[in-house]
Amino acid sequence: MTSTTTSHATRGLTALVTDLDRAVRGTAPGRATVDAVADALRPALGDPRLLRPDQRVGDPAAYRQHLLHVADDGSFSLVALVWLPGQATPIHDHLAWCVVGVHEGAEHETRYTARPDGLLVPTESAVAYAGDVEGLLPPGDIHRVTNAGTDLAISLHVYGADLSLVGSSIRRRYDDALVG
Ligand SMILES: [Fe+2]
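None of the values given here were measured: they were computed from a predicted structure. (Residues numbered from 1 in each chain as written. Predicted model: local features only at pLDDT ≥ 70, side-chain atom pairs only at ≥ 80, totals over all residues. Heavy atoms only, no water.)

**Student:** So what's going on with unusual backbone geometry? Residues and values would help.
**Tutor:** The peptide bond linking proline 138 to proline 139 adopts the cis configuration, its omega dihedral lying at 0°. Residue position: proline 139 is located in the loop between β8 (133-136) and β9 (143-146). (Helix = DSSP H or I, 4+ residues; strand = E, 2+ residues; numbered from the N terminus.)

Have a look at this one:
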């Protein structure tokens, strides 16, 4: 993954951040926060004015992260991930809660369960399209995301962490050889 940081926001992005802030601060930590953030994120998905052109740019080397906003107190971060066709994450899990919404294109997700011996067993596989939202609440959130389509894919991710400090929401990367 490559990463860039954004300095100024479109009007749509500013409004989204206001809604996300309200969702995070107005709920108890845990599932209530994830559900409220999902409700705040959903209406923004697919809005063609939300992102500036430079925030939609991918990287031929790997999927790209554009850091769009970090809350003043570091309680959440908003990023756009841009995927060229065929690009994928490693198998990974997360440091904190996460809400993912597909903004454009389609993303294929495979979920895994870790067995006591450390091997990973695929449990679910699904394709999410523009407008679809999913919340992840660690632990038990091991997955891989792939742009399996032929067009650009963009997803918006809200993480309960300060990505300006930690860089990425990924807690651990799992070797493909662990898949049983
Ligand atoms: Fe993830």
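We are not done yet, so read on.
**Student:** Help me get a handle on helix α1 (residues 11-25), residues and values and all.
**Tutor:** Compared with an ideal rise of 1.5 Å per residue, which puts 15 residues at 21 Å, α1 spans 21 Å between its outermost C-alpha atoms and is within 8% of the ideal. Of the positions making up α1, those classed as buried are Leu13, Leu16, Val17, Leu20, Ala23 and Val24. What you see down the axis of α1 is that its buried residues fit within an arc of 125°, all on one side. Opposite the buried face of α1, by more than 90 degrees, sit the exposed residues Arg11 and Arg22. (Expected span 1.5 Å × (residues − 1). Buried < 20%, exposed > 50% of the residue type's maximum accessible area, 1.4 Å probe, protein only. Arc of directions from axis to C-beta.)

**Student:** So what about the pairing of strand β10 (residues 153-159)? Which residues, and what values?
**Tutor:** The side chains of a regular strand alternate, residue by residue, between the two faces of the sheet. Counting buried residues along β10, 7 of its 7 residues qualify, which places the element largely inside the surrounding structure. Of the two faces of β10, the one holding Ala153, Ser155, His157 and Tyr159 and the one holding Ile154, Leu156 and Val158 are both buried throughout. By the bridge criterion, 6 bridges tie strand β5 (residues 98-104) to β10 in an arrangement that is antiparallel. Paired with glutamate 104 across the strands is isoleucine 154, a residue of β10. (Pairing = 2+ DSSP bridges.)

**Student:** Give me the lowdown on the coordination of the iron ion, citing residues and values where you can.
**Tutor:** Donor atoms from the polypeptide that coordinate the iron ion comprise His92 (NE2), His94 (NE2) and His143 (NE2), at 2.1 Å from the metal. Taken in chain order, the donor set of the iron ion reads H-x1-H-x48-H. In this pair, histidine 92 is assigned in strand β4 (residues 91-94) and histidine 143 in strand β9, connecting sequence segments 51 residues apart. Classification of histidine 92 by relative accessible area gives buried; the value is 4%. (Donors = N, O, S within 2.8 Å, 3.2 Å for Na, K, Ca; no water.)

**Student:** Mind laying out the pattern of salt bridges, listing which residues take part and the relevant values?
**Tutor:** For the structure shown, the criterion picks out 13 salt bridges. The shortest N-O distance in the salt bridge between arginine 56 and glutamate 104 comes to 2.6 Å. A residue pair is termed long-range when its members are at least 10 positions apart, and arginine 56 in the loop between α2 (31-41) and β2 (64-70) and glutamate 104 in strand β5 qualify at 48 residues. With relative accessibility at 26%, the residue glutamate 104 sits in the partly exposed group. For arginine 115, the salt bridge is made with aspartate 117, and the minimal N-O distance between the two is 2.5 Å. Here the residues in one salt-bridge network are Asp21, Arg25 and Asp73, joined through shared partners. (Salt bridge = Lys/Arg side-chain N within 4 Å of Asp/Glu carboxyl O.)

**Student:** Hey, could you go over α2 for me, with residue numbers and the actual values?
**Tutor:** Thr33, Val34, Ala36, Val37, Ala38, Ala40 and Leu41 are the residues of α2 that are buried. On its buried side, α2 packs onto α1, β5, β8 and β10. (Contact = heavy atoms within 4.5 Å.)

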